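Read off the chains here:
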Amino acid sequence: MFLYNVTLILDDAAAEEWLQWMQDVHIPKVMASGMFVSNRLLKVVDSPNEGVTYCAQYVAETLDNYNNYQEIFAPALQEELNERYKNRFVAYRTLMEFIG
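In what follows, the accompanying structure is described. Just so you know, these numbers come straight off a predicted model, no measurement behind them.

**Here we look at the sheet that holds strand β3 (residues 52–60)**
Read from one edge of the open sheet, 4 strands run β2-β3-β1-β4, paired in antiparallel fashion. Edge positions in the open sheet fall to β2 (38–43) and β4 (89–97), since each of these has one partner strand only. Each strand of the sheet is rotated relative to its neighbour by a mean of 15 degrees, with strand direction disregarded. Strand direction decides the pairing type here: strand β1 (residues 2–10) and β3, joined by 9 bridges, are antiparallel. Its bridge partner lying in β3, Y4 is registered against Y58.

Here's what the structure looks like:
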């Protein structure tokens, strides 16, 4: 099992709108890809960064599912995010494997 983590640091002014958009639009689209079995959205409470920091996490059963998501679905979904919140966020993406 693999955890795909997307950490986003948002401008204060964009954070509330972004959160609603993530919950209503973006996360449902990611999950509709069928490549992930679960997800969660977290707010970082002790972030050293300016702005508001969130982590969107998605669990893939296989590396193939993650790779298929990245190849087939991610480009359009990331472009939608980039267009909607241009210059109002920074994103870091990491892939982790569950151990034990």
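**Here's the deal with the packing of aromatic side chains**
Tallied over the entire structure, the rule returns 9 aromatic pairs. Between Y4 and Y69, the aromatic rings sit 6.0 Å apart at their centres with planes inclined by 55 degrees, giving tilted as the arrangement. Of the two residues, Y4 sits in strand β1 while Y69 sits in helix α2 (residues 63–84), which places them 65 residues apart along the sequence. For the residue pair Y4 and Y69, the accessibility class agrees, reading buried in each case. Each residue in the set Y4, F36, Y58, Y66, Y69 and F73 is aromatic and connected to the rest through ring pairs, giving one cluster.

What counts, and at which threshold
Just so you know, the residues in each chain are numbered from 1, in the order the chain's sequence is written. It should be noted that, the model being predicted, local features are given only for residues of pLDDT at least 70 and side-chain atom pairs only at 80 or more, the latter also being counted only at that level, while totals for whole chains, interfaces and linings use all residues. In computing side-chain values, all of the structure's heavy atoms are included and hydrogens and water are not. Only strands joined by at least two bridges in the DSSP assignment are considered to pair. Comment: elements are numbered from the N terminus, with helices defined as DSSP H or I runs of at least four residues and strands as E runs of at least two. Interaxial angles span 0 to 180 degrees and are taken between N-to-C directions of axes, which are lines fitted to C-alpha atoms, for helices over the stretch in contact. Between rings of Phe, Tyr and Trp, where Trp is taken as its six-membered ring, a pair exists when centres lie within 6.5 Å; planes separated by under 30 degrees are stacked, by over 60 edge-to-face, and by other angles tilted. Each residue's exposure class comes from its accessible area (1.4 Å probe, protein chains only) as a fraction of the maximum for that residue type: buried when under 20%, exposed when over 50%, partly exposed otherwise.

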